[in-house]
Structures are given as structure tokens and as C-alpha cells.
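# Residue-level structure breakdown
What follows is each chain in one-letter form.
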Protein chains: 2
Amino acid sequence: MSLTHAPAGAVRQGSLRELNLALVLGRIAAADRPPSRADLATATGLTRATVSAVVEDLLAGRLVSESDPAPRSGAGRPARGLVLADQGPAGLGLEVNVDYLAVCVVDLAGQVRHRTVHRADLRPVAPADALARLVEMAGAAREDAARHGLTLVGAALAVPGLVDDAGLVRLAPNLGWRDVPVPALLAEHPPLVEQVPGVPALTVDNEANLAALGELHSQPPGPSSFLHISGEVGIGAGIVLDGALFRGVRGWSGEIGHLPVHPEGRPCRCGGQGCLEQYAGQEAIVAAAGLARAELPADTATARLAELAEAGDANALRALHDAGTALGVAVASVVNLLDLDTVVLGGGYAALAPWLCPPVLAEISARVLTAAWSPVTVRPSRLGAEAAAVGAAGSVARRIVAQPAGWLARSG
Amino acid sequence: MSLTHAPAGAVRQGSLRELNLALVLGRIAAADRPPSRADLATATGLTRATVSAVVEDLLAGRLVSESDPAPRSGAGRPARGLVLADQGPAGLGLEVNVDYLAVCVVDLAGQVRHRTVHRADLRPVAPADALARLVEMAGAAREDAARHGLTLVGAALAVPGLVDDAGLVRLAPNLGWRDVPVPALLAEHPPLVEQVPGVPALTVDNEANLAALGELHSQPPGPSSFLHISGEVGIGAGIVLDGALFRGVRGWSGEIGHLPVHPEGRPCRCGGQGCLEQYAGQEAIVAAAGLARAELPADTATARLAELAEAGDANALRALHDAGTALGVAVASVVNLLDLDTVVLGGGYAALAPWLCPPVLAEISARVLTAAWSPVTVRPSRLGAEAAAVGAAGSVARRIVAQPAGWLARSG
DNA sequence: CGCTATTTGTTCAGCGATTGAATTATTTGC
DNA sequence: GCAAATAATTCAATCGCTGAACAAATAGCG
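Model, not experiment: these values are computed from the prediction.

What counts as what
Residues numbered from 1 in each chain as written. Chains lettered and ligands numbered in written order. Predicted model: local features only at pLDDT ≥ 70, side-chain atom pairs only at ≥ 80, totals over all residues. Heavy atoms only, no water. Pairing = 2+ DSSP bridges. Helix = DSSP H or I, 4+ residues; strand = E, 2+ residues; numbered from the N terminus. Axes fitted to C-alpha atoms, helices over the stretch in contact; angles between N-to-C directions. Contact = heavy atoms within 4.5 Å. Core = buried A, V, L, I, M, F, W, Y, C linked by side-chain atoms within 4.5 Å. Buried < 20%, exposed > 50% of the residue type's maximum accessible area, 1.4 Å probe, protein only. Near = heavy atom within 4 Å. Polar contact = N/O pair within 3.5 Å; in protein donor to acceptor, adjacent residues only side chain to side chain. Buried area = accessible area lost by both parts, 1.4 Å probe. Salt bridge = Lys/Arg side-chain N within 4 Å of Asp/Glu carboxyl O. Parallel < 35°, antiparallel > 145°, perpendicular 65-115°, else oblique. Left-handed = near helix turned anticlockwise from the far one by under 90°. Nonpolar A, V, L, I, M, F, W, Y, C, P; charged D, E, K, R; others polar. Expected span 1.5 Å × (residues − 1).

Attention shifts here to the sheet that holds strand 6 (residues 150-159) of chain A. Residues and elements named next belong to chain A. Pairing in this open sheet of five strands is mixed, and the strands run 5-4-3-6-10 from one edge to the other. On the outer flanks of this sheet lie strand 5 (112-119) and strand 10 (202-206), each paired with one strand and no other. Across the sheet, the axes of successive neighbouring strands diverge by a mean angle of 20°, strand direction being ignored. Pairing of strand 3 (residues 88-96) with strand 6 involves eight bridges; the strand directions are parallel. The partner of Gly-88 across the bridge, within strand 6, is Leu-150. Contacts from helix 4 (residues 127-147) reach strand 3, strand 4 (100-107), strand 5 and strand 6 within the one sheet, and its direction differs from that of strand 4 by about 30°.

As a further point, take the nonpolar core. With 96 residues, the main nonpolar core has Ile-256 of chain A together with Ile-256 of chain B as its most contacted residues. Leave out the neighbours within four places in its chain, and Ile-256 of chain A touches Leu-227, Ile-229, Ile-235, Gly-236, Ala-237, Leu-276, Ala-330 and Val-334 of chain A together with Leu-337 of chain B. Core analysis: the next-biggest nonpolar cluster, separate from the first, contains 40 residues, Val-51, Val-55, Leu-216 and Trp-407 of chain B among them.

Among the 25 residues in the neighbourhood of DNA strand C, the closest are listed as Asn-20 of chain A together with Ser-52, Gly-76, Arg-77 and Arg-80 of chain B. Taken together, the sugar and phosphate atoms account for 68% of what DNA strand C places within 4 Å of the protein. Note that a base oxygen of DNA strand C is positioned 3.0 Å from one of the backbone N or O atoms of Arg-77 of chain A. The backbone of Arg-37 of chain B places a nitrogen or oxygen atom 3.0 Å from a phosphate oxygen of DNA strand C.

Taken together, the contact pairs 68 residues of chain A with 69 residues of chain B. Note on chain A versus chain B: buried area summed over both sides is about 6600 Å², and carbon and sulfur give 63% of it. The interface formed by chain A and chain B holds four salt bridges in total. When the shortest N-O distance is used, the salt bridge between Asp-339 of chain B and Arg-250 of chain A registers 2.8 Å. In this structure, the connection of chain A to chain B is made through 22 residue pairs in polar contact (both at pLDDT 80 or more). Of all the secondary structure elements, the ones that give two or more residues to the side of chain A that touches chain B are helix 1 (15-30), strand 8 (168-172), strand 12 (235-241), strand 13 (244-246), helix 10 (314-338), helix 11 (348-367) and helix 12 (387-402) of chain A. For the side of chain A that touches chain B, the leading source of residues is helix 10 of chain A, giving six residues.

Quick look at the packing of helix 2 (residues 37-44) of chain B against helix 3 (residues 48-60) of chain B now. Residue and element names in this part refer to chain B. Remark: helix 2 packs on helix 3, axes separated minimally by 9 Å, with the N-to-C direction vectors making an angle of 120°. What the angle tells us is that helix 2 and helix 3 run oblique. Regarding helix 2 and helix 3, the two cross each other, and that crossing is right-handed. Here Arg-37, Ala-38, Leu-40, Ala-41 and Thr-44 of helix 2 come into contact with helix 3, specifically with Arg-48, Val-51, Ser-52, Val-55 and Leu-59. Residue composition of the contact of helix 2 with helix 3, by class: six nonpolar, two polar and two charged.

Spanning 16 residues, helix 12 of chain A covers 21 Å between terminal C-alpha atoms, matching the ideal 22 Å at 1.5 Å per step. Among the 16 residues of helix 12 of chain A, 14 are classified as buried, and the element is accordingly described as predominantly covered.

Bringing unusual backbone geometry into the picture now. Along the chain, Gln-219 of chain A connects to Pro-220 of chain A via a cis peptide bond; the corresponding omega equals -10°. Locating Pro-220 of chain A in the fold gives a position in the loop between helix 6 (207-216) and strand 11 (226-231). Here the phi dihedral of Asp-242 of chain B falls at roughly 55°; this positive angle occurs in a residue that is not glycine. The residue Asp-242 of chain B is located in the loop between strand 12 (235-241) and strand 13 (244-246) in this model. Residue classification places Asp-242 of chain B among the exposed residues on the basis of a relative accessible area of 56%. The backbone of Asp-339 of chain B shows a phi angle near 55°, a positive value even though the residue is not glycine. Considering the arrangement of structural elements, one finds Asp-339 of chain B in the loop between helix 10 (314-338) and strand 14 (342-347). The buried category is assigned to Asp-339 of chain B, whose relative accessible area is 1%.

Pasting the structure below:
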């Protein structure tokens, strides 16, 4: 229903080809079967002649390759199928979290081609040292990628905190980071990726945002608008609207953990009262289940909760039900506000989804005016704990698909 | 930070001109002074030759006209200023509300060129009859517009309720409408507007959404992302993100009135509990202020409240403060979620803003994590009660600006 | 008053990309 | 073996942008 947006800048002569390169490549990426040139022509509205010319450029630039034709019945010359190349540009995903470092490489098709996780408590580690370790892991990842014919063209770093436009980590409370200038710190190491026009060498983003992007680009394709909630010690959300992450005016959207669910309730360290985090955060659930915190390292708390709930432990079940109800109140607010029909429970919530979903759905159906006309789906995330790193790498790869001209200009 | 979006469809030969027509016209519309062709060339990145050719088309199509040059110091041939034409296409805005019908005409520049309001209690009137009256008013508006050289190219109707994609009014509780097929009812009358390719003859939308669009296009230009809250008997919100209305998956976004602000609080007719509407809706404020409802027609309730508050009536002041606090809890949720920096109080709230803003701001600063880094502005709406009708008409006019090719194809 | 510098706007040959029709390539079905 | 059908390419024509040259109009200055 919204007005079609014109491209932001001028539409110059050459832009025409750039736009059609992106259009055709995007179609190839979105197709569930390798499309032929003729398929692309009918799907895009371009003529076959134009599609052939565009595809020739894409083949020359090694962004797509020809594959076995999609099976077809009837007479006629057989088609040649087109698929995203499994060699060529790829994205590097980095993640610093409370209890692990992760690095991964994702290719154009969204496949994870490399993954390394290094478990360690990062809270006592200085930011510069944590990043240095990450750089070391990334170096190994790059070599591995090169052996598969992949060239890293950009990196994205996920951190559990607020990041500003310049990549400065303003505040990552659970990590103990404050005002960490990530790009400057990484600039002291040799460059991780090859520069490509139109692809930033490094972006830094909130973990919840990148996890949502990971979910968006996971296979098979899901809805293009949804809410992705990362339930860890803090609770963050990534809001995907019409296939694009919504970042807000300053990039700080999705702070669902501080939605007031009991306005006169428990005080929160954010200064507010009755924030969701105080009722559905990891620590709150653990406390409500009667577990001693000392004997529960952060990274096993959800596993332990799931175990207890599976075994029918009454305290754990009650704690999860109450957390789910609080979460449902917050989710009902979001759905009333944004009219989304899909909510994905990610991070630590993914493993607890069997117990969280019912109370969340109950609150939604009780509190959302339009739920009667169209149901809301609540389901666990597809990707595991490393959704953010995969989403980070994927966001780089997607950028090449969305703007192939930069890569093509580079490789001649 | 977001990826630049390519146009949805194919970029064909002629699309290039279409896009540049929209680009140049958009610049003329956005400029605060009449720009010259040279200004447009530097602003858009196109060459002066291209801009001249594009402007020639726009002049021929009567979408822009030449005006006195913008004052400039220094030597050189004087520029010819370009402004949006005050004759040519215009949008028709229609509104059915509980206690009035409104019709208005807005030209390309966003100026209101005609306005008619007909006060009446519409609740006992059948939808078909209400629409028939509106058509009659629209006929007069069209004649008046024609005398000013304006051609109506599309109509938008604002209703206080939920509307689906096809224009069916699923539910307008305060009006007593349910499943009213507006397009079909209007099709029985002679057409209101001239058909132009790319401009729908009629769109039906929620009043809160269109009021937000009215605010977006009001002069002088404000922020491109904000929340607009229409506080009437019900409370609706229009969410504007990056200069575009966000409608949600099914077009039912902005139901802020049913955000739970006291999850275990008063039951709401929506079936939920503790909805904002029960604490900050018109009826709730009136009741809290101790006013007898019988002696207060809906359309004077807010005026009476403002009067009492102005006079220092303790009950009214307390009622407004409590309502503002409840509203602030809901607004804090929205700001945490979407990271907006501007909240506009519209509808009945506009007149009550002096008393509502302080408690709203207090809740925001207490509950929004990022408020410390960047303040949130809360202010009353600029447009009056007919914001929705003006926004409706303006949305049609803006569509011509965004897609001038359709109009130009029509008028040769 | 006349000259120069400066800025605006137009003209025009050139060029890149799309277009549509014709052509070639390759397979199925009779 | 031949006709029909579908895929992909070739090529002259056309559309719209480009860049440079040119014409128009004014202020500043001697």
C-alpha cells in the first residue's frame, strides 16, 4: 500500500544497468529453483535480450554460475539454470558475547562455509584483547575461505549492546563495555577483508538486530516482517519490516527488555520500574525457579531450565509460565502497535520455547484487538546460539547481492 | 545504515525518465525556496542538460511553473525559480467521523484549497446515507476546485476504524460500522475524480494513519520519523518511519489504545485488561475529572476539560495528570521499541497538550534507556481537528509528486 | 559606457543500455 | 524425419543521459 520509493540518488545512465544487475541477481537469490534466463525475463519484466546481457555480466564477475537445468516437461530447447556462485565474494561475521567469541563466513547463497566458536568468559578481558583474539580467529577463517575460492569483502561485528553510527559501542552492560571505539581498535590490526566499492569494510551492530537478520535470511524463506526476540541476560529484539531491519532514528530500536510490563513493579537497573527484563530475563527466571545462581554459569542456565521443565519440575514450570506471561504482555504491545503476524523466540528463548509459547499466545489472543481476524505465529528461532554471527556474515553477503555493481567494477 | 532499495519492478528504458521526473519534482517539493535548474542539478547529481529536459516535461505537464527567482547575490545570469503549480492535479480528502463529515482539497504544494465541514451526529445514520452526504459535499468541492484550475485525481477517505486492503471497513466501533464495503457503496454514485494512471481513484484508511500523514506533510517540514497519537474516544496512532507511513502486515498498525499499561487493571471492551484507552481515553478522563457524561456531547468534552484545567480545577488537573502518566507508559514502550525522537499529540490531545506533555515526558525519561543520550520531543499537532481529512487529500497529492509519470502520460 | 567575470540555461553530437524482431539452437512428439 | 515448442543470441533502432560548447543575462569595475 505504500508509495514506491525512488532510489535515493540520481538515476544516471549507468544506474540503469546497476539496477538491473541487482534486480536479476536478487531474483536468482530469491528463487527456490535455478531459474533460466527466460524465467528471469518473465519474472522481472525485462526482455530476454536484456536478461541475457545482464546475466553475461554476472557470469563474467563470478557472482552466478550455470547449473543443471530445472526439470521441465514438454518440448523445446532445455534451459540452463542459474545459481549464485559458491565461489567469489563472501561475508565475515564476528561476535563478541559474554561467554564466547564467534567467527563465521557466509557465501552469497547464505550458506555457512566456516564457523569457529571460542568459549571463554569475556567479562574480565579488555575490549582490545577480546578484539585481538577475534582478529586471530578471523585470519584463520579467511585462509579457510580462500581454500574454498571465497574472498571476504566485508565484516560485521555483533555485540550485546548499544552501538552508534560510527561503530562506537556506547554501552554493553553485560560485557562491561562502555564507549569502546571498535573501528579504531580493529584498525591497528592488518585488514581482515578486501575492499569492495559499496561494501563497508566493517560494520558494528547490536546482536539482537543481526540475529534477526540471520533469521530473515535463513532457509526456507519465512515472512518478510516479524519480531525476533533474543532472550539472554538482557532481552533485545530485532524488528524486521518488509524484509529490512528497522533500526530507528539513532539505531537503538528493539529495546523490548525495558518495556514496562508492571509500571509500578520491580525497579530495573535502567532506572525504570517493572521492565520486562525484571520478569522474563534469564536471571529473573532462574531466581523464580529457585535455582542458586552461584552454581549456574550464564551459558548453562537455559539448558538447566529446559532440563528441569522437561522433567516436570513445578518451580521451573511456574517460573517459565510467569516469564512467558510477562513476555506476552510486551509482545501484545508490539503486535498492537506494528501489526506483525510472526514472533520468533531466539537466543536463550529458543530452547525454552515449548514452555514460553503457550502463555505468550494466551496474552496475545486476550490483548490484541485484531488477533481474531488473523492469528499470530510464535515460534522458536531456526538458527542456534550463533544466529548473530551468521546474521552478521549474511548481512555482508546480502549487500553484494543487493548491490553487485561494486564487486563487478572491482573484478573487471 | 540500511541497504538502498532498488525499485520494486524492472528498470526499463523509460523508467529512467520516470525516476528522474520523480526525483526532480520531489526536490522542487522539498525545497524551501524556489530552486533553479542549476540548483536542482547540483542537488540531484544529474547534469544541467538532463535537468533542463526533465523540467521541460514538468512545465509542459503543468506540474511546476516558473516563478520569481530566489534572491541571490553576486554576478551571473539570474535564475528562474521553479515551484509546484497552483493549478493542475489535486487530491480530495474525505472524512467520516462520529460527529462530523469533512471534505477538503489539497494541491500539489500541500496547500488546503477547499474545506467543508458538516457537523452532525453520524452514529444513527446508515453508512450508505453518510457516504451519500459526503459525495454531495465532494461534488461541490470539485466544482470549487475546478474554478481554481484544479483537477481532482484521487480521493482518500478517513474513517475511525480498522480498514482492510480492499477498502472494507471491518470495524469502526464508535461509529457503529461493521463490514461496510465503502468502495462498492461509492461506486453507485457518479465518479468523484478523474482517473489518472498510477493513482487509485479511492483509498480508505484509518483516521489516525491519515492524520499522521497530514502532520508529516505540514509546513514547515518536521522530522521524517515520529509517532502521531490521535486521542479521541478511542486512541489511535500513526507511525511514520523515514517519511513513510508504516501500516503493518495487514494495515492495522498503531492500535496504541490497547497497549496494556496496567496488565491486571480495568477490563476493556476489546477483551483485554488495563488497556491505555481505559486510562487515557476521552471517557476515562472525563469520568476521572468528575464530569457528568450526559451533559457533555463528545465534541465538547476536550474543550470543557481544557477550560477547567485552565481555571485550575483540581479534579481536572489530576485527571489529566493521571491520563498523561498512563499515556507516558505507553509512549515509553513505543520509544524503547522504535527509537523515535518525536511524539506528536493530535486529535483531542492537541488541546490538552499543556497538561499531558509533562507527565508523558516524565515517564519517558524514567523508562527509556536511551533518553539520556538524546531527548525525545513531545508536542501538540499543528493541524487542527481535520488533520485526517487534510492528510487524506495530501496523500493523494503526494502520490502525484512521487509518481508524476502517470499524470504526464494523461495530459500529453 | 564598455569590458570582464560569473552564473544560468540550451544545443548537439556521442554513447550506453534497452528494445523487439529475426535468427539460431535444441529438444519433444508425431 | 519433420513440425512444434522453448531457450538463448544477434542486431539495427531508439531512448535518454552526458559533456562540452555556446548563448543569455547580470554585477562589478575602471
